[in-house]
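Given next are the chains, with one letter for each unit.
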Amino acid sequence: AEARSMESLEKQLICPICLEMFTKPVVILPCQHNLCRKCANDVFQASNPLWQSRGSSAVPSGGRFRCPSCRHEVVLDRHGVYGLQRNLLVENIIDIYKQESARPLHAKAEQHLMCEEHEDERINIYCLRCEAPTCSLCKVFGAHKDCEVAPLPAVYQRQKSELSDGIAMLVAGNDRIQAIITQMEEICHTIEENGRRQKQHLGLRFDSLCSILEERKKELLQSIAREQEAKVQRVRGLIRQYGDHLEASSKLVESAIQAMEEPQMALYLQVSASPGLHLPFRITDMSKVSMSSRPEPGYENMDHFSINVDYVAEMLRTIEFQTGA
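Residues numbered from 1 in each chain as written. Predicted model: local features only at pLDDT ≥ 70, side-chain atom pairs only at ≥ 80, totals over all residues. Heavy atoms only, no water.

Looking up the protein chain in an unreviewed UniProt entry gives the name Tripartite motif-containing protein 54, with the organism given as Baryphthengus martii. The UniProt entry for the protein chain carries this comment under Function (unreviewed entry): "May bind and stabilize microtubules during myotubes formation." Entered under Catalytic activity (unreviewed entry) in the UniProt record, the comment concerning the protein chain runs "S-ubiquitinyl-[E2 ubiquitin-conjugating enzyme]-L-cysteine + [acceptor protein]-L-lysine = [E2 ubiquitin-conjugating enzyme]-L-cysteine + N(6)-ubiquitinyl-[acceptor protein]-L-lysine." (UniProt positions renumbered as here; feature names shortened; annotations may be inferred.)

In structure tokens:
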């Protein structure tokens, strides 16, 4: 149980970058995850290649990177990772763990890793050709006697270092990809905003064209209405004139008919020639009234107000966006 507790504690003290136990100083990120300061600086430098190193004569600017554990964005000031707070609690726990544990990290697992061919021999070397750990007897008498080998700790440290560098590169690459994604999301937002603004401008331009058409339509309709009213007024005046003549002529006809019904010649001549009647003279005068005052042929025609908008319609159909600046 104690061994399991120590192993569980050991897992909590592993840096996610170098995969080794935290080395002092240990820095605590804003998201409460921990990193070795060196590992944090490696990730930070990879994400911010133009950042001025500490001790440079120029005043460095801040930068940012993402926590390898939770991807939370860590924003640093001009001090870089040296501006992060040290996690003294984790450092004290590491000191206590090292005092309580006499073995190095993963030593228990290595003690039980024995060679399958030589059961009493521990695996302590690494075959570079076969890329496999093996024991000394396999190198002297076994399958790896003609292979080039190297000490297991040296290969272990080299591969761990390469893996740590690879993790740092991947984390930095992920940060760059995330930055690109963020930038493209901002571009999408800008495109949508610019599109909305241009739609509004286009709508205003077409509304202006519609206003011009409506205004011109109103003016042309007024021109038609003015001539229509003038012609109608003239014709109605002639109608009134001819109506008055018709009414007077009808009354004269009635008077003449009444005179014609008088049987006595003397009385007829007396009435017909009376000063207020003078039927023969009035009939002669009424018949001489000119009937030539009438609208000329085609006066009612309004076709001269027709318009041709085909060329305007064709021009409107060819409206396009400006290609020049």
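Moving on from the coordinates now.
Give a description of a nonpolar patch on the surface that names residues and reports values.
Taken together, the side chains of Leu202, Phe206, Leu209, Ile212, Leu213, Leu316, Ile319 and Phe321 define a hydrophobic patch exposed on the protein surface, amounting to about 740 Å² of accessible area. Here the element with the most residues in the nonpolar patch is helix H6 (residues 152–260); it accounts for five residues. You can see leucine 202 is positioned in helix H6. (Patch = residues over 30% accessible without salt bridge, like charges linked within 9 Å, V, L, I, M, F, W, Y side chains within 5 Å. Areas by Shrake-Rupley, 256 points an atom, 1.4 Å probe, with all protein chains shown as cover. Salt bridge = Lys/Arg side-chain N within 4 Å of Asp/Glu carboxyl O. Helix = DSSP H or I, 4+ residues; strand = E, 2+ residues; numbered from the N terminus.)

Tell me about the side chain of threonine 134, and name the residues and values.
Position of threonine 134 relative to the elements: it lies in strand S7 (residues 132–134). Residue threonine 134 is classed as buried on the basis of its relative accessible area, which comes to 4%. The residues contacting threonine 134, other than those within four sequence positions of it, are Ile123, Asn124, Ile125, Cys127 and His144. (Buried < 20%, exposed > 50% of the residue type's maximum accessible area, 1.4 Å probe, protein only. Contact = heavy atoms within 4.5 Å.)

A description of the sheet that holds strand S8 (residues 149–151) should follow, citing residues and the corresponding values.
One open sheet accounts for three strands, arranged S7-S6-S8; its pairing is antiparallel. Two strands lie at the open edges of the sheet, namely S7 and S8, each paired on one side alone. Pairs of neighbouring strands in the sheet enclose a mean axial angle of 35°, with direction left out of account. As paired strands, strand S6 (residues 125–127) and S7 are joined by three bridges and run antiparallel to one another. Considered in S7, the bridge of isoleucine 125 is made with threonine 134. Against the sheet, H6 makes contact with S6, S7 and S8, and its axis sits at roughly 85° relative to S8, the strand it touches most. (Pairing = 2+ DSSP bridges. Axes fitted to C-alpha atoms, helices over the stretch in contact; angles between N-to-C directions.)

Talk me through the packing of helix H2 (residues 37–47) against H6; I want residue IDs and the actual numbers.
Following both chains from N to C, one finds H2 and H6 inclined at 40°, their axes separated by 9 Å at the closest point. Here H6 runs oblique to H2, going by the angle between their axes. Where H2 crosses over H6, the handedness of that crossing is right-handed. Here H2 contributes Val43, Ala46 and Ser47 to the contact with H6, which in turn contributes Ala168, Val171, Ala172, Asp175 and Arg176. Looking at the contact of H2 with H6, its residues break down into five nonpolar, one polar and two charged. (Parallel < 35°, antiparallel > 145°, perpendicular 65-115°, else oblique. Left-handed = near helix turned anticlockwise from the far one by under 90°. Nonpolar A, V, L, I, M, F, W, Y, C, P; charged D, E, K, R; others polar.)

I'd like a rundown of the packing of aromatic side chains, residues and numbers included.
One pass over the full model with this rule turns up one aromatic pair. The ring centre of tyrosine 299 lies 5.1 Å from the NZ or CZ of lysine 231, which sits over that ring. Of note, arginine 234 hangs over the ring of tyrosine 299, and the distance from its end group to the ring centre comes to 4.8 Å. (Phe/Tyr/Trp six-rings, centres within 6.5 Å; stacked < 30°, edge-to-face > 60°. Lys NZ or Arg CZ within 6 Å of the ring centre and 35° of its normal.)

Describe in detail the pattern of salt bridges, supporting the description with residues and values.
Per the counting criterion, the structure on display carries eleven salt bridges. Ionic pairing is found between lysine 160 and glutamate 20, a salt bridge with its closest N-O pair at 3.4 Å. Within this pair, whereas lysine 160 is found in helix H6, its partner glutamate 20 is found in the loop between helix H1 (2–12) and strand S1 (26–28), the two being separated by 140 residues in sequence. A salt bridge links glutamate 314 to arginine 317; the shortest N-O distance between them is 3.6 Å.

I'd love a proper account of the environment of arginine 294, names of residues and values included.
Looking at the secondary structure, you find arginine 294 in the loop between helix H8 (279–287) and helix H9 (310–317). Separated by 56 residues in sequence, arginine 294 and leucine 238 have C-alpha atoms that sit 6.9 Å apart. Arginine 294 has contacts with Arg234, Leu238 and Tyr242, leaving out every residue within four places of it along the chain.

Break down the confidence of the model for the protein chain for me, with residues and values.
Averaged over all residues, the pLDDT of the protein chain is 80; the fraction at 70 or higher stands at 83%. Looking at the elements of the protein chain, mean pLDDT is at its lowest for helix H4 (residues 107–111), recorded as 48, and at its highest for H9, recorded as 91. Low pLDDT (under 50) marks residues 54–59, which in the prediction has three contacts with non-local residues, meaning those over four places away or in another chain. Taken as a whole, residues 105–110 scores under 50 in pLDDT and shows nine contacts with residues more than four places along the chain or in a different chain. (pLDDT = per-residue confidence, 0-100.)

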